Amino acid sequence: MSEPAVATALLVDFDKADPADKSLLGGKGAGLAHMISMELDVPPGFTVTTHACREFMRTGDVPEDLWDQVAEGIRRLEDKVDRTYGGGPAPLLLSVRSGAIMSMPGMMDTVLNLGINNDLVKVVADWADDEHFAFDAYRRLMQMYSNVVLGLEMHPFERALAQAKADTGAKDDTELTATDLRTLVSVYEGIIRGQGAKIPEDPVEQLRSSIAAVFRSWNTPRAKTYRRINRIPDDLGTAANVQAMVFGDLGPTSGTGVCFTRDPSTGENAPFGDYLPQAQGEDVVAGIRNTLTLDDLARLHPERHVELLATMDRLEKSTHDMADIEFTIERDRLWILQTRAGKRTAAAAVRIATDMVDEGLISAEDAVLRVDPSQLEQLERPRLANRIDATPIVIGIGASPGAAQGAVSFDADRAVAMAAEGQDVILVSAETTPDDIHGMHASRGILTSQGGKTSHAAVVARGMGKPAVTAAAGLSVDEETATGHVGSLVIREGDEITIDGTTGRVYSGMLALIEPQQTPELERLLTWADEIRQIGVRANADTGEDAAKARAAGAEGIGLARTEHMFMGERLGIVQRVILADNDRERTSALRELSAQQIDDFEDLLAAMDGLPVVVRLLDPPLHEFLPDRFELQTEMVELARKGKPIEHLQHTAARVASYEEDNPMLGLRGVRLGLVVPELYEMQAKAAVAAVMRRLGAGGDPRLEIMIPLVSAVEELRRMRDMIHKVIDESDCPLHIPVGTMIELPRAALTAGEIAKVAEFFSFGTNDLTQMTYGLSRDDAEGSFLGMYLEDGILTSDPFQTIDLDGVGRLMRLAAEEGRAANPDLQLGVCGEHGGDPASIAFCREIGLDYVSCSPPRVHVARLAAAQAEIRRIRQST
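Residues numbered from 1 in each chain as written. Predicted model: local features only at pLDDT ≥ 70, side-chain atom pairs only at ≥ 80, totals over all residues. Heavy atoms only, no water.

A. Local environment of the overall build of the chain. What the chain contains, in helices and strands, is 34 helices and 33 strands. Compactness check: the chain gives a C-alpha radius of gyration of 32 Å against a globular reference of 29 Å for 879 residues, within 12% of the reference. Taken along the three principal axes of its C-alpha coordinates, the chain extends 100 × 70 × 50 Å. Out of the 879 residues belonging to the chain, those deemed buried represent 56%. Long-range contacts, defined here as pairs at least 24 residues apart, represent 69% of the contacts in the chain between residues at least 6 apart. As displayed, the chain offers around 36,300 Å² of accessible surface, 49% of which is attributable to carbon and sulfur atoms. (Helix = DSSP H or I, 4+ residues; strand = E, 2+ residues; numbered from the N terminus. Rg over C-alpha atoms; globule rule 2.2 N^0.38 Å. Buried < 20%, exposed > 50% of the residue type's maximum accessible area, 1.4 Å probe, protein only. Contact = heavy atoms within 4.5 Å. Areas by Shrake-Rupley, 256 points an atom, 1.4 Å probe, with all protein chains shown as cover.)

B. Geometry of the pattern of salt bridges. Here the structure, examined in full by the defined rule, presents 53 salt bridges. As a salt-bridge pair, Arg139 and Asp173 come within 3.0 Å of each other at their nearest N and O atoms. Taken together, the positions of Arg139 in helix H5 (residues 131-148) and Asp173 in the loop between helix H6 (155-168) and helix H7 (178-194) put the pair 34 residues apart, joining distant regions of the chain. Across this residue pair, the class does not change: Arg139 and Asp173 are buried. For Glu834, the salt bridge is made with Arg859, and the minimal N-O distance between the two is 3.1 Å. With a gap of 25 residues between them, Glu834 in the loop between strand S32 (828-831) and helix H33 (839-847) and Arg859 in the loop between strand S33 (852-855) and helix H34 (860-878) connect regions that are remote in the sequence. For the pair shown, Glu834 and Arg859 are each scored as buried. (Salt bridge = Lys/Arg side-chain N within 4 Å of Asp/Glu carboxyl O.)

C. Spatial organisation of the nonpolar core. Core analysis: the biggest nonpolar cluster contains 114 residues, and Leu681, Ile709, Ile725, Phe763, Met813 and Leu850 have the highest contact counts within it. Top element by residues in this core is helix H25 (residues 679-698). It accounts for nine residues. Look past the residues within four positions of Ile725 in its chain and what remains in contact with it is Leu618, Ala686, Ile707, Ile709 and Val740. Core analysis: the next-biggest nonpolar cluster, separate from the first, contains 63 residues, Leu66, Tyr85, Val121 and Ile211 among them. (Core = buried A, V, L, I, M, F, W, Y, C linked by side-chain atoms within 4.5 Å.)

D. The arrangement of the sheet that holds strand S12 (residues 333-341) in detail. Taken in spatial order, the five strands make up an open sheet running S10-S9-S8-S11-S12, and their pairing is antiparallel. Strand pairing shows two members of the sheet lacking a second neighbour, strand S10 (292-293) and S12, which therefore form its edges. For strand S8 (residues 255-260) and strand S11 (residues 323-330), the ladder comprises six bridges, and the chain directions are antiparallel. For Phe260, the partnering residue across the bridge sits in S11 and is Asp324. Packing against the sheet, helix H12 (residues 302-319) makes contact with S8, S11 and S12, and its axis sits at approximately 30° to S12. (Pairing = 2+ DSSP bridges. Axes fitted to C-alpha atoms, helices over the stretch in contact; angles between N-to-C directions.)

E. Region of interest: the packing of helix H3 (residues 66-81) against helix H8 (residues 203-216). Packing of H3 against H8 leaves a shortest axis separation of 12 Å and a crossing angle of 120°. When the axis of H3 is compared with that of H8, the two are oblique. In this structure, the crossing between H3 and H8 has a hand that is right-handed. Facing Trp67, Val70 and Ile74 of H3, the residues of H8 in contact are Leu207, Arg208 and Ile211. Taken together, the residues of the contact of H3 with H8 sort by class into five nonpolar, no polar and one charged. (Parallel < 35°, antiparallel > 145°, perpendicular 65-115°, else oblique. Left-handed = near helix turned anticlockwise from the far one by under 90°. Nonpolar A, V, L, I, M, F, W, Y, C, P; charged D, E, K, R; others polar.)

F. Region of interest: the packing of aromatic side chains. Scanning the entire structure with this criterion turns up seven aromatic pairs. Plain terms: the ring middles of Phe56 and Phe215 are 5.7 Å apart, the flat faces sit at 50° to each other, and that makes the pair tilted. In this pair, Phe56 is assigned in helix H2 (residues 50-59) and Phe215 in helix H8, connecting sequence segments 159 residues apart. We note that Phe56, like Phe215, is buried. With 4.9 Å between their ring centres and 80° between their planes, Phe133 and Phe247 make a pair best called edge-to-face. Of the two residues, Phe133 sits in helix H5 while Phe247 sits in the loop between strand S7 (238-244) and S8, which places them 114 residues apart along the sequence. (Phe/Tyr/Trp six-rings, centres within 6.5 Å; stacked < 30°, edge-to-face > 60°.)

G. Highlighting the environment of Glu706. For Glu706, the location among the structural elements is in strand S29 (residues 704-709). Sequence separation between Glu706 and Val614 is 92 residues, and the spatial gap between their C-alpha atoms is 5.9 Å. Ignoring sequence-local partners within four residues, the contact set of Glu706 consists of Arg538, Pro613, Val614, Val615, Val616, Ile738, Pro739 and Phe762.

H. View of the packing of helix H4 (residues 120-128) against H5. Running from N to C, H4 and H5 cross one another at 140°; their axes reach a closest spacing of 7 Å. Of the possible angle classes, the one that applies to H4 and H5 is oblique. As for how H4 packs across H5, the hand of that crossing is right-handed. From H4, Val121, Val124, Ala125, Trp127 and Ala128 reach across to H5, where they touch Glu131, Phe133, Ala134, Phe135 and Tyr138. Residues belonging to the contact of H4 with H5 are distributed by class as follows: nine nonpolar, no polar and one charged.

I. Spotlight on empty space enclosed by the protein. The final tally for this structure, using the stated rule, is one cavity of 30 Å³ or more. What lines the largest cavity is a set of 15 residues, among which Arg97, Met245, Val246, Thr328 and Leu337 lie closest to the centre. Looking at the lining of the largest cavity, the elements with two or more residues in it are strand S5 (94-100) and S7. By residue class, the composition of the lining of the largest cavity is seven nonpolar, seven polar and one charged. (1 Å grid on protein atoms, 1.4 Å probe; cavity = no way out; pocket = protein on both sides within 12 Å on 5 of 7 lines; lining within 4 Å. Points joined across faces, edges and corners; volume = space filled by probe spheres on them.)

J. Quick look at H2. What H2 keeps buried is the set Thr50, His51, Ala52, Cys53, Glu55 and Phe56. Next to the buried residues of H2 lie helix H1 (22-37), strand S2 (45-48), H8 and S7. With its phi angle positive at about 85°, Gly60 sits one or two positions after the end of H2.

K. Main features of the pairing of strand S17 (residues 425-429). The element S17 is largely enclosed, with a buried count of five among its five residues. On S17, burial covers both faces: Val425, Leu427 and Ser429 on one face and Ile426 and Val428 on the other are all buried. Sheet topology places strand S16 (residues 403-409) next to S17; three bridges connect them, and they run parallel. Bridge pairing links Ala407 to Val425 in S17. Taking the sense of rotation as the criterion, the β-α-β connection linking S16, helix H15 (residues 412-420) and S17 turns out right-handed. Taken together, the four bridges between S17 and strand S18 (residues 445-448) define a ladder with parallel strand orientation. By the bridge assignment for S18, Ser429 is matched with Thr448. (Right-handed = clockwise from strand over helix to strand, strands pointing away.)

L. Spotlight on unusual backbone geometry. Here the residue pair Gly88 and Pro89 is connected by a cis peptide bond, since its omega of 5° sits within 30 degrees of zero. Its location among the elements puts Pro89 in the loop between strand S3 (84-85) and strand S4 (91-92). Despite not being glycine, Glu39 has its phi angle at roughly 65°, a positive value. Tracing the backbone through its elements, the reader meets Glu39 in the loop between H1 and S2. A positive phi angle, near 55°, is found at Asp129, a position not held by glycine. Locating Asp129 in the fold gives a position in the loop between H4 and H5. By relative accessible area, Asp129 is classed as exposed at 72%.

None of the figures reported here should be taken as evidence of function without further support.
In structure tokens, the structure reads:
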């Protein structure tokens, strides 16, 4: 029977550990303790705990008494296996494997075959009666220890191994003779000496330094990056599991493999795995030899295959989850080295969760908790096959899931033209801007060399449901010459590429894509989620097409329709005529033209969401985004003057543009301020929106329009806009009540919410701008310069543009919600920033009593599931 481990324990034997104490043992240590409690054949050992690692990180050295406890642990281990570490005649070799609380596959380090040296290699050969095995174990230790502990480059060792195989004609490592391996060990020794290093002969020192190296690997760049991407806290630390080695390369009746109790790609309830005869575990993971299947294992070792299947079944039933298992067969005895919950695709996760409900293994609530909501975005987009025979040309951040392919365009206008000719286009640039919206809309996917998960390209691509890869650091873009470079590879306009916005990989050519399919399993899971959640889910959508997609995904209305997105592209010139008009006649003419198009826009949204609320936000761009570029105007004037053509009109336009020029457009004439300065714009939008409502009523529809005023900082701004809108409604004889509210996106609005709520009928938190204004930074600029460093150095613990900053932005939201509701008990509260699709932010929104969250259409499924998970956890924590 296992015993509870003390939270500050430094070392716990596998057979004395409490499997439930994952925070101390790490995932791998907890799995080993669980399997031993099931009396499976597990090589014995002990876990050096996460507490020891945290002390190591805090002080730079292992805790006092740790090495004494390790020595005692080795003595207990020697008694269990009747072998001697660092001695003979039956030598004990050890492995040291990392094991974080949350699975981080491949991110941290492992050292195998510890305890062998120049003298003991002969003892190992005698014990195994296999000199080939002994020298192969030694060269493996040398190679792994040199890299993990000594920090030496692997390339010289890999070149030496490749040369040894070439010199002897060996196809793989197993065909090298004992003499070949003895020679290779000598070559390795020379490589290590040549780099000024040495592997200790003392097995005890080998073990100590390996444990310390595993602890250090917690803070390698790849581990830190993985944690940042997957939002794993940096202060958890890793355990180090010291385990007796068993050998899959100990003759023809030995082998090693990795298996899953179900197919991790599809979720099919069928064993899935790889097997390699005469190999050690890293051979399977590294892919240095072509693996066999579990069916091949049945042919080679039928009894062990039956035993393995029975073990897989027992583990799945005991953990109530799909298990990922590493196993070794040593001289026809099956050993289970580790188990953990297996990584799986989104489709597999959904199928496994629903199947396990049907099998009686878990409840519907547990099934809802079992699926990672962020994975569901993958199901909304075409994707690449699980296994592809192609090497990526560059890897960036998977900023918007799914895969897309097409011809490269380095310019938004050309992307539109190429798409109009029937081409599939991938827009490639250093970074996108709002001016590129038409090119992004015309493209199948977006690739940028800069940015991040919440950069402009990422946010807009997710809103459009388009795959995007950002921060492709190996890519340089020269938009002037319409070329890109990845090392020596040149990418030209029109070249075909495929991007995978799920993994961040970019490939040359057109790879086959798999179209998304709505599965009955997902429908069941989300039905359960809808029955549980208490917060509504709406969508951010700007077109009728996007609104229809969102409704099909289960959106309960539109929480944000951004009208500025409707004014880009071919309509931009009309808006410029409104703003730059010299007289009422010119402005009225342009407004009339724009109004007709706006009525159609709003009617499409209301039709797609018939019977559900549609929140239309009146115009909110920084003004400079709608105006001609003054420098481009000057260039055009110079060119016309050179040709002797008149330039007076351009001079007048340039002067008008200059009169609107701002030093800080993001904090300038935008939102409600623009509506007050150019009231005809907002009045036109209000009239168009009400006209669309009247059309829908005439067609027998059930329109439920709500109008949102952006960037309000003073209650009087909202009061004047509300009065104007009410006047428009009254003059139209519209029989419906149309709520008027505001977006809370400025700190002052949050702090004066009690006053604003007396005028507003709803608040919608614009968390993107609220975060920017609260931190006093530009999201795009921060991501391009210092935000990554802030996260890596721990100045910020999480990206505030991905998850709501609870201490700052969250505190403002909580205050605004409480004071707003106190002043107006009927006040509706929602969130429409990018955080509306973030699971952690959704949980916070539920906590502070919001009525709904609104997110991009591809994240509607994410929000529905995350809202249910938040509710389940809230209830369970309170009971």
